[in-house]
Structure formats: C-alpha cells, structure tokens
Amino acid sequence: MLCTEGSEPGVMAPFPSCLGEGRCPARSRAGTSFARIWNQHLVPLNFQIILGRKQTGKKMKFHVFVFVGVVHLLSLNSGKAVYGNGISQRTFQEIKEEIACYGDVAKAIINLAVYGKAQNRSYERLALLVDTVGPRLSGSKSLEKAIQIMHQNLQEDGLENVHLEPVKIPHWERGEESAVMLEPRIHKMAVLGLGGSIGTPPEGITAEVLVVTSFDELQRRAPEARGKIVVYNQPYTNYSRAVQYRVQGAVEAAKVGALASLIRSVASFSIYSPHTGIQEYQDGVPKIPTACITVEDAEMMSRMASRGSRIVIQLKMGAKNYADADSFNTVAEIIGSKYPEQETENNRRAKSPRFRSSLYNLDMGPLLKICMVVLVSGHLDSWDVGQGAMDDGGGAFISWEALSLIKDLGLRPKRTLRLVLWTAEEQGGIGAFQYYQLHKANISNYSLVMESDLGTFLPSGLQFTGSDKARAIVEEVMCLLQPINVTQVFRAGEGTDINFWIQAGVPASLLDDLYKYFSFHHSHGDTMTVMDPKQMNIAAAVWAVVSYVIADMEEMLPRS
C-alpha cells in the first residue's frame, strides 16, 4: 500500500491519506480534480434541472437533485455506475478496503482518549460545568449561564465556526410542593411535579385516592374517579411503555373527572427517589395538577387499596408556566477539507443578475451549495434536580470531546464535523426541532446525525436507523473499535433531538447500560457521582472514531 502524507488544501493531518494502489483502491481512482468537474459539468446540469422544473415543486426536493448531481459526476469520474437515487455502485469489498485504511487513525484516537493525555478530560470538563452551574432547566438563568460558558469553552478549544443559534423555549418553574397522606395514617411523601404542570390552589387539593395500574383499569372504574386524586401504579417493563403514564396520565385522569394525578416514577430501580419528566396536556381537556411519586409509595398505596383502606392525600404544588424564553443551540465545527459548508464561486455566479430570475422565481433559495455534514450532539439542558450530569451532560461532553480528539490529532475530515449542544430537549426536543426547521432544506447533505442521550456508561455498541447498505457500512466502521471491544450495531437508533431526521435515514445513538441509566434518570441522584471517567473515555473514543470515519469516507452513507 502506498500512503502519502495528507497534502490536500486545508488538511491539518499528520496521518496519511490513502491515495495509492493496493489496499485502498477506492481512493486511488479519485484522480480528476473536483473543481474541474464542478466547473465543467455540475453548473450546466443543474441549470437544466432549474429551467425544466415546475414551479410547484418543493425546495427540499431540489436540494436532493443537487446532491444527486454531485454524486453522479464524481462517480462518472471514477468509472463507477450509480443507482437510480444517485448512490455509487461500488462493490462492498471496495468499501471495506477503504474503511480498513482507517485502522491506524482509529487506534490513534483510542490511544489518545483512553490511555493518552486526553484521558478523563471529558469527565473533568463536565464536573467543572455542573459543579459550577448545577441543574439547567429550560428557561432558567442557570441554563443560559451554561450556554455562555460552553460557547466560550468551544472557542478556547480552537474549534471553528463557534456560534449560537437563537431559539424560543418553554419556561416552567415547579415552586414549592408537597404531598401528605392523611388517611389511613400520616405520611409525608416524596414528590416531584411534572414539567409543564399547573399548580394547585394555595390551600392545596385534599381528596380521596383511586389507585389504578393501567389506563384500561381507569376506564373501567371511571365512575369512581370523579372528584378524586388518581394514583397510577403501572408496572415497569420498559421505559417506552411506562413513560406513557407520565406523559398522558393527567389527561386521562382529567377526562374522567379527577382533581389531580400522581404517577409512579418511571424508573428501573428506586431508593425512595421520585423521577420527574415532561407531561402533556390536551386541548379540550381540563388541566389538572400532576406529579410523580416514588415506586415505594405507589406500591404501598396499591396494597392499602387492595385491602379496602380509604386513602386521603393533600397535594400542594406551586408550579407556574411563564412566557417562552430566549435560548440558543450551541454549535461548533471542524470544517471539512473537501466539502465544507460554504458558498462556492459557482454559487455566487449562479445568483448573479443573469440567472436571478430563473432561480428565485421558483422559490428555491440559495443554490449549488456544498453542505456535507456529520453531526454529533447531546443536550445541554436538564431537569431542575440533581446536576444533570448523566442526562445529558455526559452525552454533550463526549460529543465535544469527539471534536477535541480529532482536532488534537491534526485530523480534518472531508465533510464538516458539526457539534450541536441542544437546548430544551427535556421539554420535547424544542431546540432541536427549531434547528431542523432551519436546516432541513439541506437534509440530503447530512451523512449521519448522532446523539448521545442514553448515558455515557460503558457502551455496548451503536444504535442505527438507516438503509441496509448504510448499516453494512456502519458495521464495518464499528469493527475499527475492536481494540476496546465495542463493535455491535443495534437497530432502532433514536433520540428526542434526532427523531426529526429519522425519515431521512440518518440517525445513530450510543447504547449502554439502560438499567443503570433509568435508575438515576430525572432524579436527585443524577450527579457526578454516577459518572465514571474511564467509561466516558471509551464512549468518547467510540463517538470520535465513528463520526470521523463517516465524515472522511469518499462517499456519504447510502439512503433507502
């Protein structure tokens, strides 16, 4: 294998670019300059598309055409056929050989993150932030302080295009709250109001309790619920099933005339710890106060009710909703060496007066823009309990660490590596949704969108949602992580902040010990004590290797 030192314009790397014959033939055939192909072929091709296109078409569809044009021309240059959707029909063996070229780079990232000078760095950075700022609730001053600190940190780290993208986010405060069992005995209960809940009157709500284990049971016993506090003691089988009671419990209770609802915490394990989270009201249904209680108290009241005991609770909640607040998604990049997100000379030429009427009368906006991105992310906000270290400080900080590791090694991938620290994820991915609305016109140019929001314990692999061809490529990339024994690729990649991208077939998320994660999730126990610096090192290495290799490969991941 002939490997020459990286010498492309803008490449920082001391690592070799595999341009010779032998082990990496895929790259060796990319000899003709991209600039010449662009000037000679791409501009005429796209103006043909513009002039022949009906005005009723959507902007996003046009961006797909631009993407197809770019890939098609590159493929013609290297003598490869293409699929109908513009994906190069290289043999899988060629792709495997290309990925194998990254073995030394992967080892360098792993060594730096796990054994070198960067070990424990993400842990120490996270500890400094959460110890300084504490929890970071949507709309709070502590969240905005954390955003400003991170903006400065990313600039000082030497990352590129560091900026803040403004968004509007919900502002809710829980206030003082309490729940006391008055009958059959006096018992002060641990309670946490659920996000967005209204408060009680100042004197609270005192009422008899109806305990149910499911929505079906609530419907069967609907006549008994009127004027009572409904307590849900739903079993925990998995998070996705149990969380429905937290999200919808108040609405279903209100529909049958309940005064308030108390939901068994959605947790895999409890040491008398309530777990908060978002809940949703429904138009046309009365809003009632709602809070979570501990697993222990929910089960105790279920036992009492089964014996025929009358249970009475006094609930007081000072929760208030305020007008939406100003906030920001925090963005930083390593700009791609070959496909940076920037306007090209041809783009400027395309928007000259000569072509302006053709372009903008079709409502297509800026055209011919090279925008190829691999995005890594976590959310900076948290609930107002604990420190928000695990959810999702760890995910945010290994995402930052991924770019730091790549920068420290002098690597610059072909596509832009973009870090986004989302705001207001806990309120339903508010910041991420507004980011998606702003950037979705370029969705075809996102090769992969990654979010870590399931903890940064010892990872077991990567969750991925995409085409079978893309999955096969990701599986090969994960083989590069054999030195740390994290090679599995699971299905159903998801995350609140990246679910908007699922239809495009680009999401991936880190998977680790979910039992441990949901033991501390949204509780006072979410502190730095939960975090393990060595496990964060490994998680950061996985994040960095996957994001760098996907961003640097000759072609984007194929879509469905």
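The following paragraphs examine the structure supplied in this document. Per-chain numbering applies: the sequence of each chain, read as written, is numbered from 1 onward. Only residues with pLDDT of at least 70 get local features here, since the model is predicted, and only at 80 or more are side-chain atom pairs given and counted; chain-wide, interface and lining totals rely on the full set of residues. Think of the side-chain values as coming from all heavy atoms in the structure, minus any hydrogens and water.

1. So, the side chain of D526
Assignment of secondary structure puts D526 in the loop between α17 (514-520) and α18 (533-552). Here the term buried applies to any residue with accessible area under 20% of the maximum for its type, exposed to any over 50%, and partly exposed to those in between, with areas from a 1.4 Å probe on protein chains only. The sign given to each residue is positive for Lys and Arg and negative for Asp and Glu; His and the chain ends receive no count. A pair is scored as a salt bridge if a Lys or Arg side-chain nitrogen falls within 4 Å of a carboxyl oxygen belonging to Asp or Glu. Nearest to the buried, unbridged D526 among oppositely charged side chains is R136, at 6.9 Å. Any pair of N or O atoms that falls within 3.5 Å is considered a polar contact. Within protein, one atom must be able to donate a hydrogen and the other to accept it, and sequence-neighbouring residues count only if both atoms are side-chain atoms. Within polar-contact distance, the side chain of D526 engages the backbone nitrogen of D391 at 3.1 Å. Contact criterion: two residues are considered in contact whenever any of their non-hydrogen atoms come within 4.5 Å of each other. The contact partners of D526, leaving out residues within four places of it in the chain, are G386, Q387, G388, A389, M390, D391 and F520. Runs of H or I in DSSP of at least four residues are treated as helices and runs of E of at least two as strands, each being numbered from the N terminus.

2. Topic: the pairing of strand β18 (residues 507-511)
Within β18, five of the five residues are buried, which leaves the element mostly enclosed by the surrounding structure. If DSSP finds at least two bridges between two strands, the strands pair. Sheet analysis places strand β15 (residues 446-451) next to β18, joined by three bridges and oriented parallel. In the strand pairing of β18, V449 is matched with P507. Here four bridges tie strand β16 (residues 461-464) to β18, and the two strands are oriented antiparallel to one another. Within β18, the position partnered with F464 by the bridge is A508.

3. Details of the pattern of salt bridges
Counting across every chain of the model gives 21 salt bridges. Note that E98 and R90 form a salt bridge whose closest N and O atoms lie 3.0 Å from each other. Looking at E98, the relative accessible area reads 0%, which means it is buried. Classification of R90 as buried rests on a relative accessible area of 8%. Of the charged contacts, one joins D157 and K407 as a salt bridge, the two residues approaching to 3.9 Å between their closest N and O atoms. Residue D157 is located in the loop between α7 (141-156) and β3 (160-173), and its partner K407 is located in helix α14 (residues 389-408); the two are separated by 250 residues in the primary sequence. Linked through salt bridges whose partners overlap, the residues forming this network are R121, R125, D157, E401, K407 and D408.

4. With respect to the environment of K320
Examined against the element boundaries, K320 turns out to sit in strand β12 (residues 320-334). Linking K320 and G199, residues 121 residues apart in sequence, is a C-alpha distance of 6.3 Å. Among all residues touching K320, those that are not within four sequence positions of it are H171, W172 and E173.

5. Observations regarding a nonpolar patch on the surface
Judged by side-chain polarity, F269, I271 and Y515 come together as a nonpolar surface patch covering roughly 370 Å² of accessible area. For I271, a relative accessible area of 68% puts it in the exposed group. Put simply, a patch holds well-exposed residues, over 30% relative accessible area, that have no salt bridge, with like charges counted together within 9 Å and Val, Leu, Ile, Met, Phe, Trp or Tyr side chains within 5 Å. Here the Shrake-Rupley method, with its probe set to 1.4 Å, supplies the accessible areas, and only the displayed protein chains count as covering residues.

6. Some thoughts on the pairing of strand β9 (residues 260-264)
Judged by how many residues are buried, β9 sits mostly within the fold: five of five residues are covered. The side-chain alternation of β9 yields two buried faces, one formed by A260, L262 and R264 and the other by S261 and I263. Examined bridge by bridge, strand β8 (residues 229-232) and β9 share four bridges and lie parallel to one another. Each bridged residue has a counterpart across the sheet, and for V230 the counterpart in β9 is S261. Crossovers are described as right-handed under a simple rule: with the strands pointing away from the observer, the path leading from the first strand over the helix to the second runs clockwise. Once the chain exits β8 it traverses helix α10 (residues 239-255) before rejoining the sheet at β9, and the crossover so formed is right-handed.

7. Some details on the sheet that holds strand β6 (residues 191-193)
If you walk across this open sheet you meet the eight strands as β5-β4-β11-β7-β8-β9-β10-β6, and the pairing is mixed. With one partner strand each, in any of the chains shown, β5 (187-189) and β6 form the two edges of the open sheet. Averaged over all neighbouring strand pairs, the angle between strand axes comes to 30°, with direction disregarded. Pairing of strand β7 (residues 205-212) with strand β11 (residues 312-317), which is carried by four bridges, proceeds in the antiparallel orientation. Looking at β11, one finds that E208 is bridged to V312. Sheet strands in contact with helix α11 (residues 295-306) are β4 (177-183), β5, β7, β8, β9, β10 (290-293) and β11, and its direction is about 135° off that of β5. With axes taken as lines fitted to C-alpha atoms, and helix axes fitted only over the stretch in contact, angles between N-to-C directions fall between 0 and 180 degrees.

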